[in-house]
Amino acid sequence: MKKIAVMTSGGDSQGMSGAVRAVVRQTIASGCIAYAVYEGYEGLVQGGDLIKRMQWEDVRGWLSEGGTLIGTARCMAFMERAGRLTAANNMVEKGIDALIICGGDGSLTGADKFRSEWPSLIDELVTTGKRTAEEVKQFKHLNIVGLVGSIDNDLSGTDATIGCYSSLGRICQAIDYIDATALSHQRAFVIEVMGRHCGWLALMAGVSCGADFVFLPENPPSENWEEEMCSVISKHRKLGKRKTIVIVAEGAHDRQLTHISPDVVKDLLSNRLHLDTRVTTLGHVQRGGTACAYDRMLATLQGVEAVKAVLEATPETTSPVICIVENKIVRKNLMEAVKMTKDVAAQIAAKDFGAAMAGRDAEFAE
Ligand code: F6P
């Protein structure tokens, strides 16, 4: 019977546990055996109890949970070939040759590297005497399937990553709370949201909350952004607005790539516009809490599709990543999606902001 393992890796996001539940149950419903690798790649390297057989009821109640109930961790050992060799040995021991990983682009890149190295790792297990040729003969190929779990919505090729809408909802809720106190005191608030390389959360929160000004990594403000921002905000105040909301993505910078910190923005609003200004960093609240309906649905449909992709894979199949495009669950080439994502980061680093914006999905670039 085929054995399929599921793992979560990288920063957690709401809906990851729902994805694990869907993979475990679809695996069992397909007549296969399900495993969960606890603590991300660390669990794959350590093996033993961290690679655990899962039954249908083990994932009961996981659909709405935030975070990942099988844990996630940074793992230096897996970056080295020796660590990956140990991981391969642990998988052979449990009889697993298919791995579904829910994580960000870094975690998915690591998974594809593991897949491409797999035949040579298996050979090495035999040449170093860790396994006999007989023991590894059914482990010629490793199937990898990616699911994108990230609050940042930062993988090219998919309209939404698992977690991004829960996080956006959390941000909007927090800004609604802030609005009440801002209105009372006629204050300005500078709100920092997550998004190191991707401004989706900042932009969508800006639209959803009617922010006065938004700072994004992909589309830095003009050279004279200080004047521009102050003039927009003064105009809004003259129109009768009693509060000011400025949203700064954590990776925001100017056109010279100098970081725009919330404190710099606060000082401008205080000193130039004489607004009573406060800074709120939303931090990990954005990654917490239960998954919203959209993330539960996305995690479930994508988890099911990931198992189908494993069962339909041939030795020639390149690793797929499960995406959602125009409301349809689709498979895309994992490494092409990762490359497009990395291209945008490189274009930002090269100050080619036009290309970076064009590289984002159409609805985000507009
Ligand atoms: O998951 C991505 C992300 O949310 C980024 O936006 C943020 O910079 C980072 O995680 C924070 O990660 P950590 O929890 O390791 O501080």
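Residues numbered from 1 in each chain as written. Predicted model: local features only at pLDDT ≥ 70, side-chain atom pairs only at ≥ 80, totals over all residues. Heavy atoms only, no water.

**Digging into the sheet that holds strand β3 (residues 51-54)**
Piece 1. The 7 strands are arranged β3-β2-β1-β4-β5-β10-β11 in an open sheet whose pairing can be described as mixed. Strands with a single pairing partner mark the edges of an open sheet, and in this sheet they are β3 and β11 (328-333). When strand polarity is set aside, the average angle formed by the axes of neighbouring strands in this sheet is 30°.
Piece 2. Those strands touched by helix α11 (residues 334-349) are β5 (143-148), β10 (320-325) and β11, and its axis lies near 85° from that of β11. (Pairing = 2+ DSSP bridges. Helix = DSSP H or I, 4+ residues; strand = E, 2+ residues; numbered from the N terminus. Axes fitted to C-alpha atoms, helices over the stretch in contact; angles between N-to-C directions. Contact = heavy atoms within 4.5 Å.)

**A closer look at the site of the ligand**
Piece 1. Every residue near the ligand is listed here: R74, I151, D152, M194, G195, R196, E250, H284 and R287.
Piece 2. Between the ligand and D152 there is a distance of 2.9 Å, counted from an oxygen atom to a side-chain nitrogen or oxygen.
Piece 3. Within the side chain of E250, a nitrogen or oxygen atom sits 2.6 Å from an oxygen atom of the ligand.
Piece 4. Its free accessible area being 400 Å², the ligand has 77% of it covered by the protein chains.
Piece 5. Counted by class, the shell around the ligand contains 2 nonpolar, 2 polar and 5 charged residues. (Near = heavy atom within 4 Å. Polar contact = N/O pair within 3.5 Å; in protein donor to acceptor, adjacent residues only side chain to side chain. Areas by Shrake-Rupley, 256 points an atom, 1.4 Å probe, with all protein chains shown as cover. Nonpolar A, V, L, I, M, F, W, Y, C, P; charged D, E, K, R; others polar.)

**Considering the nonpolar core**
Piece 1. By size, the foremost hydrophobic cluster in this structure holds 56 residues, and its most contacted members are M54, I100, L147, I175, I191, I245 and I247.
Piece 2. The dominant element in this core, judged by the number of residues it contributes, is helix α6 (residues 164-185), at 8 residues.
Piece 3. Those residues within four positions of I175 in sequence are excluded, and the remaining contacts are I191, A205, C209, I245 and I247.
Piece 4. Counting 37 residues, the second largest nonpolar core, distinct from the first, contains A87, L121, L125 and V321. (Core = buried A, V, L, I, M, F, W, Y, C linked by side-chain atoms within 4.5 Å. Buried < 20%, exposed > 50% of the residue type's maximum accessible area, 1.4 Å probe, protein only.)

**Some remarks on the sheet that holds strand β7 (residues 213-215)**
Piece 1. Reading across from one edge, β7-β8-β6-β9 is the order of the 4 strands in this open sheet, with parallel pairing throughout. Of all the strands in the sheet, just β7 and β9 (277-281) have a single pairing partner and so form its edges. If you compare each strand with its neighbour and ignore which way they point, the axes differ by 15° on average.
Piece 2. Running at roughly 165° to strand β6 (residues 188-193), α6 makes contact with β6, β8 (244-249) and β9 of the sheet.
Piece 3. Its contacts with the sheet put helix α8 (residues 225-238) on β6, β7 and β8, and the angle it makes with β7 is roughly 150°.

**What about the environment of K2?**
Piece 1. Topologically, K2 is positioned in the segment before β1 (3-8).
Piece 2. Look at K2 and you get partly exposed, because its relative accessible area is 26%.
Piece 3. For K2 and N153, which are 151 residues apart along the polypeptide, the C-alpha to C-alpha distance reads 32 Å.
Piece 4. Once residues lying within four places of it in the same chain are set aside, the contact partners of K2 are C32, I33, D97, A98, N143, V310 and L311.
Piece 5. Separated by 2.9 Å, the side chains of K2 and D97 make a polar contact.

The analysis is restricted to geometry; functional conclusions fall outside its scope.
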